[in-house]
Amino acid sequence: MAKLLLQRSIAAVLVIASSSLAAAEVENEISLSYGDGEHVQLSSRSQVKNWYITGYNNSQFVSTGEANDVDSWFFNGGYQHKLRNELSLFVEAGVNNQYDDIATRKGFNLSTGLNYQPLKSLSIQSKLVQVHQPKYDNTEHSLELSSTYHLLKNIDVKAVYQLEAQQDKETQQQLQFGLGYRF
């Protein structure tokens, strides 16, 4: 458990530190989301102009509060292009690791989507994601819809709905709510 907490702390610090070196107009955010009674997500994002770096995990917890068998980490780099003042198209790619009791599954992921910001304080995003793990010949596809509202100067509230399809498995749904801090 200590190793897992250390990995999470290092990942968050690396994402924030790497962006702080780049330029004065750096936007950083850290958020914690909880949903479906089983999923907890810690994420960080740093953006300089149209380029950004994200890191996030997906952990499953059972009702006793113990960590379940799977913990996933994603590290992505991306580019966001404005189509209009309130509408942006983005693409991102990165690596992922899934840790369980038996082995570490490594792979890569690609995603694309649209970000719509009708108000300065409200952002709505749709995202298509493909996660591939070549060693296990496993590919997952998901559709994610999210909304972020800037509640206070540095505090955001966020809601995420995800629909995920895996090979040879049933389609799964997730709903998460969380808080974010921008600095």
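Residues numbered from 1 in each chain as written. Predicted model: local features only at pLDDT ≥ 70, side-chain atom pairs only at ≥ 80, totals over all residues. Heavy atoms only, no water.

Student: Describe unusual backbone geometry, and please don't skip the residues or the numbers.
Tutor: The phi dihedral of lysine 49 is positive, around 55°, even though this residue is not glycine. Structurally, lysine 49 can be placed in the loop between strand 2 (39-48) and strand 3 (51-61). For lysine 49, a relative accessible area of 68% translates into the label exposed. (Helix = DSSP H or I, 4+ residues; strand = E, 2+ residues; numbered from the N terminus. Buried < 20%, exposed > 50% of the residue type's maximum accessible area, 1.4 Å probe, protein only.)

Student: Would you mind going over the pattern of salt bridges in detail, with residue names and values included?
Tutor: Enumeration over the complete set of coordinates arrives at 3 salt bridges. Residue arginine 84 is joined to glutamate 86 by a salt bridge in which the shortest nitrogen-to-oxygen separation is 3.7 Å. Residue classification places arginine 84 among the exposed positions, given a relative accessible area of 54%. Take glutamate 86: its relative accessible area is 27%, and that puts it in the partly exposed class. (Salt bridge = Lys/Arg side-chain N within 4 Å of Asp/Glu carboxyl O.)

Student: Could you give an account of the pairing of strand 2, naming the residues involved and the relevant values?
Tutor: The buried fraction of strand 2 amounts to 7 of the 10 residues, a majority that puts the element mostly inside the structure. Two elements, strand 1 (residues 26-35) and strand 2, share 10 bridges in a ladder whose sense is antiparallel. Along strand 2, the bridge assignment pairs serine 33 with glutamine 41. (Pairing = 2+ DSSP bridges.)

Student: Give a description of the packing of aromatic side chains that names residues and reports values.
Tutor: Per the stated rule, a full pass over the model turns up 3 aromatic pairs. Ring geometry for tyrosine 56 against phenylalanine 74: centres 5.0 Å apart, planes inclined by 10°, an arrangement best described as stacked. Linking tyrosine 56 in strand 3 with phenylalanine 74 in strand 4 (residues 67-82), this pair joins segments that are 18 residues apart in sequence. Accessibility assignment for this pair places tyrosine 56 and phenylalanine 74 in one class, buried. For the ring pair tryptophan 73 and phenylalanine 75, a centre distance of 5.9 Å and an interplane angle of 10° mean the geometry is stacked. (Phe/Tyr/Trp six-rings, centres within 6.5 Å; stacked < 30°, edge-to-face > 60°.)

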